[in-house]
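# Breakdown of the fold
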Amino acid sequence: MNQVTNFTKGFVKENPVFVLLLGMCPALGTTTSALNGLGMGLATTFVLVMANLVISLVKNQIPAKVRIPSFIVVIASFVTMVDLSMAGFLPALHEQLGLFIPLIVVNCLVLGRAEAFASKNNVGSSVIDGIGMGLGFAFGLTLLGAVREVLGSGKVFGMQIFSDTYAMLVFVLAPGAFIALGYLIAIMNRFAKKN
Amino acid sequence: MAKESNFKNMTLTLLTVTLLSSACLGFVYSFTKGPIDDAQNEKINKALSKVLPEFDNRPSSKKFTREVDGGILTFYPATKGGEQVGTAIQTFTKNGFSGQIDLMVGFLSDGTIHGIEVIAHKETPGLGDKMESGKSQFSVQFQGKNPQDFKLAVEKDGGQVEAITASTISSRAYCDAVQRAYDAFIKEGGEK
């Protein structure tokens, strides 16, 4: 597999949100607005890239039977770093994402890529895989967030598009997340099939 | 290939991994601690300047706390030219739609509410979060009211507070928090 497909597969063919359906908890929970989705996506991207980097570096030093605990500790450390830095430097966003930042630890996407990719590939490919997957995840979350924000409160990235009184509240709430995600997956699959 | 999974290797690996991680985290913590505290303080100070009338002391330097209903209320007395002008109370409620809500309520010396700001909440975006000042007129209706003759309950419960549409629970919780602050304010003898 060359590096270009390594990178692009995260966007379309193996998009974590629309195709692999990994990390659904933050995808549904944090995407009440496009900005939240983007913030969550970028935080996850950072963790993914760093975890993939470290794990592919040390994969030969770690006995097979304790690899999962070791991976989790590495991932958890990076998540805590993101959590602390965000609380210090981006308090507003940190407040919005709240509980979901610490929960990146248990995001299947991160451990999934560590186990399925980084523990078998070299450092370069693993980092590129992390970037591709992370940005694909961020893209998915931002799109879902934007759709929900437009339909739910008539705004995109906080900018008013429809009038103030317009709101389909269901899209801001949990059921709307499932409905919007379902339609987005259907649309993405339609395009993927055509190609 | 990967090392053999014997007892010595596994123990050593886990020990090394955890030690290195703790070291990294300690390092990150040490240099984010300052900014995190600053962000917290700035938020409190911003809320204080919004809910209190003009003051010239530093209310956060004279704060004191009282324990009420299993939580902590923090009092921030404000003075101007040595005169007491009001007290801000950081209050809470556990009855929010999704957990605890923290408010900063500013009282004038006679118990009149001067302003209310939300410090932290987890209410539904687009619904309960309209309690934040600037997102709706909800918090404005409390300004200039004295809970002595202004019943802090939503209209549905026989009070005088106009609830946020479709967020009665959040509105109720908000009133609960304000009421708790007022009760504590009266208990402390108003301005002492």
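Here, the structure is the one placed above.
Every chain is numbered independently, its residues counted from 1 as its sequence is written. The order in which chains are written sets their letters, starting at A; the order in which ligands are written sets their numbers, starting at 1. Only residues with pLDDT of 70 or above have their local features reported here, since the model is predicted, and side-chain atom pairs are shown and tallied only from 80 upward, although totals for entire chains, interfaces and linings are computed over all residues.

Time to look at the packing of helix α6 (residues 108-118) of chain A against helix α7 (residues 123-153) of chain A. All names here are of chain A. Close contact between α6 and α7 brings their axes to 11 Å; oriented N to C, the two are set at 150°. Taken together, α6 and α7 sit at an angle that is classed as roughly antiparallel. Relative to α7, α6 is oriented so that their crossing is right-handed. For the pair α6 and α7, contact is made by Leu-109, Arg-113, Phe-117 and Ala-118 and by Ser-126, Asp-129, Gly-130, Met-133 and Phe-137, respectively. Note on definitions: angles span 0 to 180 degrees between N-to-C directions of axes, and those axes are lines fitted to C-alpha atoms, for helices only across the stretch in contact. Here a helix means four or more residues in a row that DSSP labels H or I, a strand means two or more in a row labelled E, and each is numbered from the N terminus. Every angle not falling under 35 degrees, over 145, or within 65 to 115 is termed oblique; those three ranges are roughly parallel, roughly antiparallel and roughly perpendicular. Helix crossings get a hand from a simple test, with the near helix turned counterclockwise from the far one by less than a right angle marking a left-handed crossing and a clockwise turn marking a right-handed one. Note on contacts: residues are paired as contacts if their backbone-placed C-beta atoms lie within 7 Å.

At the interface, 29 residues of chain A touch 26 residues of chain B. If you list the elements that add at least two residues to the side of chain A that touches chain B, you get α4 (67-89) and α7 of chain A. At twelve residues, α4 of chain A tops the list of elements feeding residues into the side of chain A that touches chain B. Class assignment for the residues of the side of chain A that touches chain B results in 16 nonpolar, twelve polar and one charged. When residue character is reported, Ala, Val, Leu, Ile, Met, Phe, Trp, Tyr, Cys and Pro are called nonpolar, Asp, Glu, Lys and Arg charged, and the others, Gly included, polar.

A few words on the environment of Ala-192 of chain A. Mapping Ala-192 of chain A onto the fold places it in helix α8 (residues 174-194). In this scheme the burial state of a residue depends on its C-beta neighbours within 10 Å: 20 or more other such atoms mean buried, 12 or fewer mean exposed, and anything in between means partly exposed; the C-beta positions come from the backbone. The class of Ala-192 of chain A is partly exposed, set by 13 C-beta atoms lying within 10 Å.

With that out of the way, let us pick up α7 of chain A. Residues and elements named next belong to chain A. One fewer than the residue count of a helix, multiplied by 1.5 Å, yields its expected span. The terminal C-alpha atoms of α7 lie 43 Å apart, and with 31 residues this matches the ideal 45 Å at 1.5 Å per residue to within 8%. Most of α7 sits inside the fold, with 24 of its 31 residues counted as buried. Within two residues after α7, Gly-154 carries a phi angle of roughly 70°, on the positive side.

Moving on to the sheet that holds strand β2 (residues 71-80) of chain B. Residues and elements named next belong to chain B. Paired strands, in this sense, are two strands between which DSSP finds at least two bridges. With respect to topology, five strands assemble into an open sheet ordered β1-β2-β3-β4-β5, the strand pairing being antiparallel. In the strand order of this sheet, the two ends are held by β1 (64-68) and β5 (113-120), each with one partner. If you compare each strand with its neighbour and ignore which way they point, the axes differ by 25° on average. Bridge count for strand β3 (residues 83-96) against strand β4 (residues 99-108) is nine bridges, and the pairing is antiparallel. Directly across from Ala-88, in β4, lies its bridge partner Gly-106. Sitting on the sheet, helix α2 (residues 168-187) touches β1, β2, β3, β4 and β5, and the angle it makes with β3 is about 140°.

Bear in mind that shape data such as this cannot, by itself, settle questions of function.
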